[in-house]
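Below, each chain spelled out in residue letters.
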Amino acid sequence: MSQRLIIHQFGPIADINIDVKDILVFIGSQASGKSTVSKAIFFFKSLRDDLYRYYLDCYNQNRFDNSISNFGKLAKQKFIKIYGSIQQSPNMRLEYKYRHGIDIYIYPSQDNLLINIEFSEDFINKFKKIMDEFEDLYDELHPNPYIFPSSREISMIKLREAALFKYIGTELNWLFFDDRDIVFLPAGRSLITTLSQQRYNIDMGDESLSNGELDSDSLTKLDYLMQNFITRIDQSKPIFEQGLDKLIEQHISDSDSSAIQTINLAQNLVNLILRGSYSSFNGIERIAFADGKSTLINFASSGQQEVVWILLLIILLILNNRKVFLVVEEPEAHLFPVAQKQIIDLIALLANQNDNQILLTTHSPYILSSFNNLLYAQKISIDKAKEVATVVDPHLWINPDRLDAYILEDGTARTIVDREIGLIESAEIDRASNIIVDTFNQLFDLED
């Protein structure tokens, strides 16, 4: 069962209605709506984690409210943080279908300054049921607030609470029909990689850097998704103090043979794309090269700066065998075509590890061609698996039933996958080059 996203008259999108498959690729010109769609899917999926935190806050504050309106207010605030003003979309409507009967709707308020969020009846009923269970347990474990429990009773309370929290997580996974972690890697990554190393002030509207890090005021000037990205980077940097290769070596020693194959393939792809070895010490990021030289990350190539944290976060997910929904905007940015092919190989490896879910936005026909190779490998492997494996590693083959690709143009999304052959249509891949060739042919005819 696929989830479904519907968007009507929001930003550059006029009308789209798409199934959210395991691997989604969106291509289109600038301002065609790729980010609008990817952010919408991220928003709706990420509400699961927001709701979990909301329940915990209610429990910790002993403030239980069966009405979903307070959570709806938090969701509204998040939507505005992601998209900003909605005043230019007075007829907007967004709808996300998680599973049968579980839906969320978004539409403007009457004054068109804010939004309304509406939850389906089944969603609300489940919300109330979970809230009641939280409140019942709290009342059971804290019958008299004036009696301090013994250490044994405290231990019992913590065990019961831990069991309930785990149960709530399972219930929310059912409600949202998803148990994956959610990671969004926005475009413009090289800017953040550069700024994180600077030791001087940068004129970005009074934002400044101290101790080599973006301060809290700077973060408030950045958009919501970029703030989350920076936070994730800062949390991950200490993991790489001994370098990426050492980190991988430690994981391999504790892994089985199947996992080792995946890890080795991931490491090889990362080395090919990054063309160096990454490390971070005291927050200072470096890339070391084979000749023994190294450079601070802000003096590395623009391609290395753009891609480094895509590579590092993906390999962390692979090393930890995490289930994930990963959004990557423009993975090809500043990369040579061969490296674009290699990063799609790495993303396919992650997608196949735990049936992970991937969403990409791109401008590059090389990205589409790279996916086509992996789809084609899967297709002909039915009869020639051993022969295909000598050309494309089986860990990278993509089942065409898991993937859909769309071109966004004129406010709509049109699939560019030929379902009969299970491949992305070559005419769409070649569209840009055909225009260029046609221009050349016209000039050539004029010369004759």
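Fair warning: this is a prediction, and the values are worked out from it, not measured in the lab.

Visitor: Quick question: what am I supposed to make of helix 7 (residues 224–236) here?
Guide: Residues spaced three or four apart along an α-helix face the same direction, because each turn holds 3.6 residues. The end-to-end C-alpha distance of helix 7 is 19 Å, a good match for the 18 Å that 13 residues give at a rise of 1.5 Å each. Regarding helix 7, its N-cap is Asp-223, as a side-chain oxygen of that residue lies 3.0 Å from the backbone nitrogen of Leu-225 further along.

Visitor: I'm lost on the confidence of the model for the chain in this one. Help?
Guide: If pLDDT is low for a region, its predicted coordinates should not be looked at in detail. Averaged over the chain, the pLDDT score is 87; the fraction of residues at 70 or greater is 92%. No element of the chain has a lower mean pLDDT than strand 8 (residues 209–210), at 40, and none a higher one than strand 4 (residues 93–99), at 97. In this model, residues 199–214 is a region of pLDDT below 50 whose contacts with residues beyond four sequence positions or in other chains number 32 contacts.

Visitor: Sorry, what's going on with the pattern of salt bridges here?
Guide: Two side chains carrying opposite charge are able to pair once their charged atoms lie near each other. For the structure shown, the criterion picks out 22 salt bridges. For Lys-129, the salt bridge goes to Glu-171, with nearest N and O atoms at 4.0 Å. On the criterion of sequence distance, the pair formed by Lys-129 in helix 3 (residues 121–141) and Glu-171 in helix 4 (residues 151–175) is long-range, its members being 42 residues apart. The class of Glu-171 is buried, set by a relative accessible area of 13%.

Visitor: Can you help me understand the pairing of strand 1 (residues 3–10) in this one?
Guide: The side chains of a regular strand alternate between both faces of the sheet. Pairing between strand 1 and strand 2 (residues 13–20): seven bridges, direction antiparallel. Looking at strand 2, one finds that Phe-10 is bridged to Ile-13. From the end of strand 1 to the start of strand 2, which pair antiparallel, there are two residues, and Gly-11 there has a positive phi angle of about 60°. Relative to strand 4, strand 1 is paired through five bridges, and the arrangement is antiparallel. Paired with Ile-7 across the two strands is Leu-94, which belongs to strand 4.

Visitor: I would appreciate a short explanation of the environment of Leu-374 in the present structure.
Guide: Within the secondary structure layout, Leu-374 lies in helix 12 (residues 365–389). Placed 17 residues apart in sequence, Leu-374 and Val-391 show a C-alpha to C-alpha distance of 10 Å. Leave out the neighbours within four places in its chain, and Leu-374 touches Ile-344, Asp-345, Ala-348, Val-392, Leu-396, Trp-397 and Ile-398.

Visitor: Looking at this structure, I do not really get the sheet that holds strand 10 (residues 277–281). What am I missing?
Guide: Strand pairing within a sheet occurs via backbone hydrogen bonds; the two strands may be parallel or antiparallel. If you trace the three strands from one edge of the open sheet to the other, you get 10-11-12, paired in antiparallel fashion. The open sheet has two free edges, formed respectively by strand 10 and strand 12 (294–296), since each of these has just one partner strand. Neighbouring strand axes in the sheet, compared pairwise and without regard to direction, differ in orientation by 25° on average. The pairing of strand 10 with strand 11 (residues 284–288) spans five bridges and is antiparallel. Within strand 11, the residue paired with Ser-280 across the bridge is Glu-285.

What counts, and where the lines are drawn
- Residues numbered from 1 in each chain as written.
- Predicted model: local features only at pLDDT ≥ 70, side-chain atom pairs only at ≥ 80, totals over all residues.
- Heavy atoms only, no water.
- Helix = DSSP H or I, 4+ residues; strand = E, 2+ residues; numbered from the N terminus.
- Expected span 1.5 Å × (residues − 1).
- Polar contact = N/O pair within 3.5 Å; in protein donor to acceptor, adjacent residues only side chain to side chain.
- pLDDT = per-residue confidence, 0-100.
- Contact = heavy atoms within 4.5 Å.
- Salt bridge = Lys/Arg side-chain N within 4 Å of Asp/Glu carboxyl O.
- Buried < 20%, exposed > 50% of the residue type's maximum accessible area, 1.4 Å probe, protein only.
- Pairing = 2+ DSSP bridges.
- Axes fitted to C-alpha atoms, helices over the stretch in contact; angles between N-to-C directions.

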